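Observations on the three-dimensional arrangement
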Amino acid sequence: MKRWLAGAMVFVVLTLVGSFADPYLISLMTIVLLFTFLGQSWNLMLGIGGQLSIGHALFVGLGAYSVGVLYVKYGISPWIGLFLGMIIAGSVGAALAWLSFRFEVRGIYFALLTIAAAEFARIMFSGWEFVGAMQGLFFPAPTGEIEFLMLRGGARFYYFVALALAALGIAGTELISRSYLGYVWRAMRDDEPAARALGVRTFRHKILVISVSAAAAAAGGGVLGLVQGSIFPDSIMGMGLSVDVLIGPVVGGLGTTFGPLIGSLTAIPLNHLMSAIGDSLRIPGLNNITYGIVLILVVWFLPVGIWPAIVRLGEAIQAPSKVWLPHLRKAEE
Amino acid sequence: MTALLEVKNLSRSFGGLVAVKDVNFTLEAGRITALIGPNGAGKTTCFNLVAGSLSPTSGQVFFEGRQINNTSPEIVCRMGIARTFQIVRPMRDMSVLENAMVGAFSWTKSVKEAKSKAYESLERVGLAGKANARTDQLTLPDRKMLETAKALSTRPKLLLLDEVMAGLRPTEAAGVVRVLQTLAEGGLTILLVEHVMRIVMEVASNVVVLHHGAKIAEGNPAAVVADPKVLDSYLGAGFHA
Ligand SMILES: Nc1ncnc2c1ncn2[C@@H]1O[C@H](COP(=O)(O)OP(=O)(O)OP(=O)(O)O)[C@@H](O)[C@H]1O
Ligand SMILES: [Mg+2]
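Structural notes, computed from the coordinates. All figures in this text were calculated on a predicted structure; none of them were measured in a lab. (Residues numbered from 1 in each chain as written. Chains lettered and ligands numbered in written order. Predicted model: local features only at pLDDT ≥ 70, side-chain atom pairs only at ≥ 80, totals over all residues. Heavy atoms only, no water.)

1. As for a nonpolar patch on the surface
All names here are of chain A. On the surface, Ile289, Ile293, Ile296, Leu297, Trp300, Phe301 and Leu302 cluster together into a nonpolar patch covering about 780 Å² of accessible area. In this fold, Ile289 is placed in helix H13 (residues 286-301). Here Ile289 falls in the partly exposed class, since its relative accessible area comes to 49%. (Patch = residues over 30% accessible without salt bridge, like charges linked within 9 Å, V, L, I, M, F, W, Y side chains within 5 Å. Areas by Shrake-Rupley, 256 points an atom, 1.4 Å probe, with all protein chains shown as cover. Salt bridge = Lys/Arg side-chain N within 4 Å of Asp/Glu carboxyl O. Helix = DSSP H or I, 4+ residues; strand = E, 2+ residues; numbered from the N terminus. Buried < 20%, exposed > 50% of the residue type's maximum accessible area, 1.4 Å probe, protein only.)

2. Overview of the sheet that holds strand S5 (residues 66-67) of chain B
Adjacent strands of a sheet pair through backbone hydrogen bonds, lying either parallel or antiparallel. All names here are of chain B. Taking strand neighbours across the sheet as the criterion, the four strands line up as S2-S1-S4-S5 in an open arrangement whose pairing is antiparallel. Of all strands in the sheet, those with a lone pairing partner are strand S2 (17-28) and S5, marking the two edges. Inspection of the sheet shows strand S4 (residues 58-63) paired to S5 by two bridges, in the antiparallel sense. When the sheet's bridge partners are listed, Phe63 is paired in S5 with Arg66. This element, helix H1 (residues 43-51), spans strand S1 (3-14), S2 and S4 of the sheet and lies at about 115° to S1. (Pairing = 2+ DSSP bridges. Contact = heavy atoms within 4.5 Å. Axes fitted to C-alpha atoms, helices over the stretch in contact; angles between N-to-C directions.)

3. Section: the site of ligand 1
Residue and element names in this part refer to chain B. Of all residues adjacent to ligand 1, which total 13 residues, the nearest are Gly40, Lys43, Thr44, Thr45 and Gln86. Contact distances for ligand 1 include 2.9 Å between an oxygen atom and a backbone N or O atom of Gly40. Between His195 and ligand 1, the recorded distance is 3.3 Å, taken from a side-chain N or O atom to an oxygen atom. In the complex, 61% of the free accessible area of ligand 1, which totals 640 Å², lies under the protein chains. Listing elements by their share of the shell around ligand 1, those giving two or more residues are S2 and H1. The leading source of residues in the shell around ligand 1 is H1, at three residues. A class-by-class count of the residues in the shell around ligand 1 yields four nonpolar, seven polar and two charged. (Near = heavy atom within 4 Å. Polar contact = N/O pair within 3.5 Å; in protein donor to acceptor, adjacent residues only side chain to side chain. Nonpolar A, V, L, I, M, F, W, Y, C, P; charged D, E, K, R; others polar.)

4. Quick notes on the interface of chain B and chain A
Between chain B and chain A, the residue contacts involve 28 residues of the former and 26 residues of the latter. Carbon and sulfur atoms make up 62% of the area that chain B and chain A hide from each other, which totals about 2,400 Å². Connecting chain B to chain A are three salt bridges. When the shortest N-O distance is used, the salt bridge between Glu74 of chain B and Arg196 of chain A registers 2.7 Å. Inspection of the chain B/chain A interface yields five residue pairs in polar contact (both at pLDDT 80 or more). Secondary structure elements with two or more residues in the side of chain B that touches chain A: helix H2 (73-79), helix H3 (96-102), helix H4 (111-124) and helix H5 (140-152) of chain B. At five residues, the largest contribution of residues to the side of chain B that touches chain A is made by H2 of chain B. (Buried area = accessible area lost by both parts, 1.4 Å probe.)

Without other data, these values stay purely geometric and don't point to any function.
Right, here's the structure in full:
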C-alpha cells in the first residue's frame with residue numbers, strides 16, 4: 001500500500017510540474033516520461049520475463065509509423081494509429097519470438113536477432129517511399145488547440161499524455177508483477193528448466209511477454225512521434241534509440257517498478273545538460289562521453305541500479321538492524 | 001494393482017557412454033519405491049527420462065497408460081509428475097514462499113490459491129517458518145526441502161525425489177520419512193533416490209537397484225540388501241551401507 005501512496009505522490013508532483021513549469025522543462029520532462037514508459041516496456045521483458053532485447057527500436061518505430069502513416073497520409077486519428085501499431089508490433093514481436101525459440105535461438109542470440117530485425121526494418125523503411133523513406137514523415141504543426149479525439153495539442157498537452165502513459169506503465173507493471181503472470185515470468189527468468197519442471201509453459205510465456213512488451217513499446221513510439229513532430233527511420237528505428245530505451249531501467253534498477261522512472265529522470269537531463277555544456281565549451285560529444293562514464297559508474301558502484309539503493313538506504317534509516325536483509329522485491333514493498 | 005508408471009526397455013546414452021541400459025520397472029499407485037545404486041549408476045538420468053527433461057535413446061515410459069516419453073517437462077508436470085533436482089535449483093530472486101507458489105500456477109491462476117497451497121507445501125516439509133526468507137539464507141538440507149515443497153505445490157500424482165534427505169540429521173530424516181509416509185497414505189506415489197540404506201529400508205516397499213545403467217535387482221528392501229549382486233556393486237564402488 002505504501003508503494004501505491006508513494007506512486008500517487010510522485011504523480012501529483014509531476015502533475016504540478018506540468019501545470020507550472022516553463023516550456024523547456026516541459027519538453028524535457030515529456031521525453032523523460034516517454035522514456036520511462038518505453039523503459040518500463042523493456043524492463044517487463046528483461047527484468048521480469050528474462051528476455052533481452054537490444055532492438056526495441058523496432059517496436060517503437062512500428063508504433064510511430066503506424067500513427068504517422070495513418071494520420072499524415074489519411075488524416076486518421078492517432079488513437080487508431082496507436083491501436084494498430086500495438087497490434088502490429090505485438091504480432092511482429094510474437095512472430096520473432098516464435099521463430100527464434102522454435103529453433104532454439106535464445107538468450108544472447110535472441111538479443112542479437114532483435115538487433116538484426118530492427119536494423120532490417122530500419123533499412124527497409126529507409127527505402128520505402130510510401131512511408132517517406134529517408135525524408136521521413138512530418139506531422140502538421142500543432143495549432144495549439146487541444147483535440148483530444150485526434151490526440152493533438154501543444155507541448156503541455158503532450159506532457160500530460162506522456163505522464164498518463166508513464167503512470168499507466170508503472171501501474172500496469174505493478175499489476176502484472178503481482179498477478180500469476182509475474183510469478184510465472186520471474187520463475188522462468190530465474191531458471192527456465194526448473195520453471196518448466198514446475199509446469200510453466202515457458203515457450204508460450206516467452207512469446208507472451210515479448211509480445212506485450214513490443215505492443216507497449218509501440219504505444220510509446222506512437223506518442224514519441226507525435227511529440228517530436230516528425231519520424232525518420234534512422235532516429236526512430238536506429239540502434240541509438242534501442243540503447244536510449246534501456247538506459248532508464250539499467251541505471252534506475254532492473255526489474256523494479258520505479259527503476260525506469262528514476263533512471264530516465266537521472267540520465268536524460270544529464271545528457272541534455274552535458275550536451276549544452278559541450279556546445280558552449282565547443283566540445284562536441286561531451287554528452288556521449290559523460291553518458292558513458294555515468295553508465296559505467298552506476299553499473300560499477302550500484303550494479304542493481306539507483307532505485308534499489310535508495311530503498312535500501314531508506315530501510316537502513318528506518319530499521320538499522322535489517323540492512324543485511326535487502327531483498328529486491330521485498331524491499332520495494 | 002494398477003501401475004501408475006511403467007518404464008519399458010528404457011535406454012539413454014551420452015555419446016559412447018550408456019547411462020541407462022534397458023531398464024524396466026513399474027510403480028504402483030500409492031506406494032513408495034526407492035531407486036538406488038552407486039554414484040553414476042544412472043538414477044538421475046532415469047528421473048530426467050521420466051520427467052521429460054531428456055528423451056530416451058530407446059524404450060518407452062507410460063504414465064496412467066499413456067506414452068509420455070518425448071513429452072516436454074512442463075506437460076509431464078501438468079499430467080501429474082513432479083520432480084526435484086538433485087542439484088537444487090531455487091529461483092534466486094524469489095522468496096521461499098514465492099518459490100513454493102510457482103508449481104501451483106500449473107493448476108490455478110489465482111495468486112491467493114497459490115499462496116495457500118504454497119504455505120501448505122512448506123508446512124509439510126517444515127519450512128513454513130521460513131516462508132519469507134530468501135533462498136540463499138537456507139541451509140542445503142532446507143533447500144532440498146524447498147525443492148520438495150515446490151514439487152508438492154503442483155499437486156502431483158507421482159513425486160520423484162532425488163536425494164532430498166542428503167545432509168539431514170537422523171532425527172530430521174525421520175521427520176521427512178514420516179511426511180513421505182503420510183503423503184503415500186494419502187494416495188501419492190513416490191519414487192525416491194536415496195543413498196542411506198537405513199532410510200530406504202524404512203520407507204520403501206519396493207527397491208530398484210541400478211548399476212552401470214542396468215537394473216541388477218528389484219524387490220522388497222530386505223531381499224535386495226541380501227542380494228550378493230547388490231552387495232558386490234556397492235562394495236566394488238567402495239560404498240558401505
Ligand atoms: N547430460 C549428460 N551428458 C553426459 N553424460 C551424462 C549426462 N548426465 C549424466 N551423464 C553420465 O551418465 C552417468 C549416470 O549419471 P547419473 O547422474 O544418472 O547418475 P546417478 O546415479 O544419479 O549418480 P549420483 O548418485 O552421483 O547422483 C554418469 O556417468 C554421468 O557422468
Ligand atoms: Mg544423481
